[in-house]
Every structure is written in structure tokens, then in C-alpha cells.
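What follows is the residue order along each chain.
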Amino acid sequence: MDPSVNSTQLVNDDHVDLVGGPFAVIESDPGVFTSLTRNFGVRNIELVELYDIEPWAVDHLKPHGLIFCFLWRKDTHRPAEFDDPAAERVWFANQLSEDACASHAILNVLLNCPDVDIGDELRSFRQDTAKFSPVMKGLAITNSPLIRKAHNSLARPADIRGSLNYIATTTLDEARTKAKAKVTPAKRGTKPPPAKRAKTAASQLSPGKAKDNPKPKADEDEDGDEVYHFIGYVPAYGKVWELDGLKSGPLEVGELPLLSGASQHTSGWMDIARPALRMKMAKYGGAAEGGDNIRFSLLAIVDGVYEQASDVLQLLNRERVALERRMGEGWQSKVDPDLLASSQHAFTASPGSLTYAVDFGARFMEVSVRVQNMPEAELVSAWEICVQNAIRANINVEDELNKAVRAHTDHVKRTFDYEPFLKGFLERLQAEGLLNPLMGREEDGSKRKTTKAKPV
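Let me begin by describing the structure that accompanies this report.

Criteria and cut-off values
- Residues numbered from 1 in each chain as written.
- Predicted model: local features only at pLDDT ≥ 70, side-chain atom pairs only at ≥ 80, totals over all residues.
- Heavy atoms only, no water.
- Buried < 20%, exposed > 50% of the residue type's maximum accessible area, 1.4 Å probe, protein only.
- Helix = DSSP H or I, 4+ residues; strand = E, 2+ residues; numbered from the N terminus.
- Pairing = 2+ DSSP bridges.
- Axes fitted to C-alpha atoms, helices over the stretch in contact; angles between N-to-C directions.
- Parallel < 35°, antiparallel > 145°, perpendicular 65-115°, else oblique.
- Left-handed = near helix turned anticlockwise from the far one by under 90°.
- Nonpolar A, V, L, I, M, F, W, Y, C, P; charged D, E, K, R; others polar.
- Expected span 1.5 Å × (residues − 1).
- Contact = heavy atoms within 4.5 Å.

### A closer look at the pairing of strand β2 (residues 65-71)
Here's step 1: Taking burial as the measure, the seven residues of β2 include seven buried ones, the bulk of the element.
Here's step 2: Burial along β2 is two-sided: G65, I67, C69 and L71 facing one way and L66, F68 and F70 facing the other are all buried.
Here's step 3: The pairing of β2 with strand β6 (residues 296-303) spans six bridges and is classified as antiparallel. If you follow C69 over to β6, its bridge partner there is S297.
Here's step 4: Pairing of β2 with strand β3 (residues 228-236), which is carried by six bridges, proceeds in the antiparallel orientation. Bridging across to β3, L71 finds its partner in Y228.

### Regarding the packing of helix α10 (residues 305-327) against helix α13 (residues 379-415)
Here's step 1: Orientation of α10 relative to α13, taken along the N-to-C sense of each, is 155°, at an axis distance of 9 Å. Considering their axes alone, α10 and α13 lie roughly antiparallel with respect to each other. For the crossing formed where α10 meets α13, the hand is left-handed.
Here's step 2: Considered class by class, the residues forming the contact of α10 with α13 number 17 nonpolar, four polar and five charged.

### A short note on helix α12 (residues 360-372)
At 3.6 residues per turn, the α-helix brings residues three or four places apart onto the same side.
Here's step 1: Spanning 13 residues, α12 covers 18 Å between terminal C-alpha atoms, matching the ideal 18 Å at 1.5 Å per step.
Here's step 2: In the core, the buried residues of α12 are packed alongside α10.

### What to know about unusual backbone geometry
Generally, phi is negative for residues other than glycine and the peptide bonds are trans, each holding for most cases.
Here's step 1: The residue K62 is not glycine, and still its phi comes out positive at about 50°.
Here's step 2: Note that K62 resides in the loop between α3 (55-58) and β2.
Here's step 3: For D99, which is not a glycine, the phi torsion comes out positive at approximately 65°.
Here's step 4: Within the element layout of this structure, D99 appears in the loop between β2 and α4 (101-110).

### Things to note about α4
Here's step 1: Taken across its ten residues, α4 has ten buried, putting it largely inside the fold.
Here's step 2: Residues of α4 that are buried: C101, A102, S103, H104, A105, I106, L107, N108, V109 and L110.

Structure below.
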């Protein structure tokens, strides 16, 4: 920390939040969720959308976990299904805040992935809450300024205002309910006045035509809006778990096969999760209704594609330098002139020497040893193959950079507050006397009278 910055400036700059606030709705988009993990401090991962769960579409990605978004319906499970001693080792938090299911699902998965670098902040958070109950862990997430700020930074301003308005209205409604519950004691010998019954749409119908008020559907809230929910799937401690913040604990999906010398992150865990995913999709996603109304999405947490592509290009660049050193002076005259010209631009997408993989040094050492032991007759062909591979790797890195630019552009469009502009624009139209004509009204705002054409 800069010693010139005092504590007052630190408080004002970081906006220390001692009260808390709501979580706003965020979109179920791979770019949004990837940005959310990076705001949490997680490194070298991203979320990609899966369009199929068959092995050919998933296994090559080697996912660390899954995030499943579906149209929520009330679901019941027997308490015995959550009574598993192995579940006590799984980090699991209940969802206690409205619209925080996205962050809960991601954190429930990431904090059970030993192979993912979750960063110092989340590592400390996991350690501090390791002995908490699921409810207390959920409370810790709700009260974490880091998590709430990272979550809301990806929400639309209108959604943030909506979440604040929801808290205000529910607080006022609760206060009114408590005020009505305080009944003044009636005087002795008198009866309280009869309670008034509010008129309903059914009571206003003619006798014999009254109908019961229809109950809201299980996948709709009290306002009739569809409710979507996020849950996670992750392999941990020899089993595959379904982590739903609205349930009391982790739900076992199946046991992983025992493999000698295998790490906790078993590559075959998708074979265990796949039947459970099919059941979820059939039950909640509309597949059981003919498959023409898909109402779910599936995201996979995978290693960062940009980081992998950049490491490949960096390794090829260092291999090229080693090969040129072995060929000695005048090597330019020995290689293909077209590839020589292409090599000037084949390594430009990943400048510098930044690498990401923890085993990059070991891989580079293997390449160096191979180049040193290579016969001189094979050096030219090896250099040409290296440049050809670098051209393809350079394109892959450029594609990832372009994807990041598009994601950032979408983020700016999503989080920009258009309301002040629209308000000022409408006010200016009104001041210029142009708003009412555009709305088909008279200059004083009254409805424009329409005259019927007389028959000739």
C-alpha cells in the first residue's frame, strides 16, 4: 500500500460497506460468468457453453465443473438423501439472498476444485468458512463486499435499481403486516366490528359463475414471472455432487471409480454426471414436452483457452530461437523464403514472455533437450514445421483476443445506464413541443379527436 494514502482516503476510495445490499440479476452468458470469476480473483479458467453432453462434445474440454441453469420448479427430496458423512467435507453454502444463485453456484463449484487457482481472496474466504454450517457459509457470501461488488458489476443498472426497489417494497409490506397484527384490545362488553372482506375477481362474478382463484404455477413467482435458477456439479472426495443452494446440503450423484494414482479431479467424472443431467433436462428443460421449448443452459468451467493458446505460441517461439541458434550464422539462406517472411508475423499475437501453465518450464526443458540432441540434417525441416505450427497458434490467440474484445463490448453495452439520456431526450422533446405530436396528442397533451369521414 502507498504510505501517502491515509485511512480516510482508503475508506472513501474503496467504499467500505458496513450495511450490505442486494444481489441483482445477471445474464446466463459465458462471457458474463467468465468475467465474474475473474472479478473474484480466479485465474486461468473460463466458462464455455455446452450444446451437447455426449463424450465427443465434453471430454476434450476436461471440465472442472458444470453450471446448470433451468426454469425452477419446486422439488422435494427425502432428508435421508442429504445424510451422507462424505458431504461434510464438501464446501457448500445455502442461498440466502435473492438473485444470488449465479455467484452461489460458481463458488460452490470452484471452492471444491483443488486444481483451480482461486486467488488469495477466495482462498482465505474458503479457509475462514471451512467449519461453518451451510447456512452460515451462505450468510458469509451474502455479507461479503468482494462477492457482492463483483456480482453486481455485471448487472444492468435497471436490474440493480429493481433489486433495491424490491427490498424497499418488501420492507414496507412487512412493516404494514406487523402494524396490522397489533390489534387494540376491545372494551369489555363490546364486540369487534366485522372484518371487511376484500372483493376479488371471483366474488364479482354473477352467482353460479364464481371460480376459484387459479394457483400460480410451480415455475412462477408470486408476480407470475418465470424464475430461473443455477446449480452446480463437481467431482470431489471420490464422488460427484449436485450443489443446489436452495437445498439443505450436497446431493450425491454417484461414486467415482477408484483408480490407482489418480488425483481427486478424475477425468471420467462426466460419465457419472451425464445420466443425472439428462434427467434434469427432461424434467425442467422442456425436453419432456417435445423438445421444442428448451428452457435451460449448461456452462462448463474449463481451463482458459487464451492461456493455453498463448503458452503454445510462447513454446513454439522459444523452440524457433533454439533451432536458429543451432543452425548458426546464415541460417536464413537454408530455410524456405516464404516461411521466412511469414515468421516475421507468426509470433506477434503473444508478445513478451508471459506464460501461464505451472508446467511450462518443464515442457520448455524437454523442447530444449530435443533441439540440442537433434541431428543437423533435421534442423531446417524442424524450423519450418515450427513456423507452420506457430502460424496456426497465432491465429488461435488472435481469435481469443477478438472474443475478449467482443465480450468487453457487450459488457459495456450491458452495464451502461441509458436512463439519464432517455430522460433528458424526452424532456427536451417536451420543451420543444415535439413530444405530444409524436405521441399522437394535441399540444396540451389531450387525446387528439378523430373525425369520421362522411359518406359521399
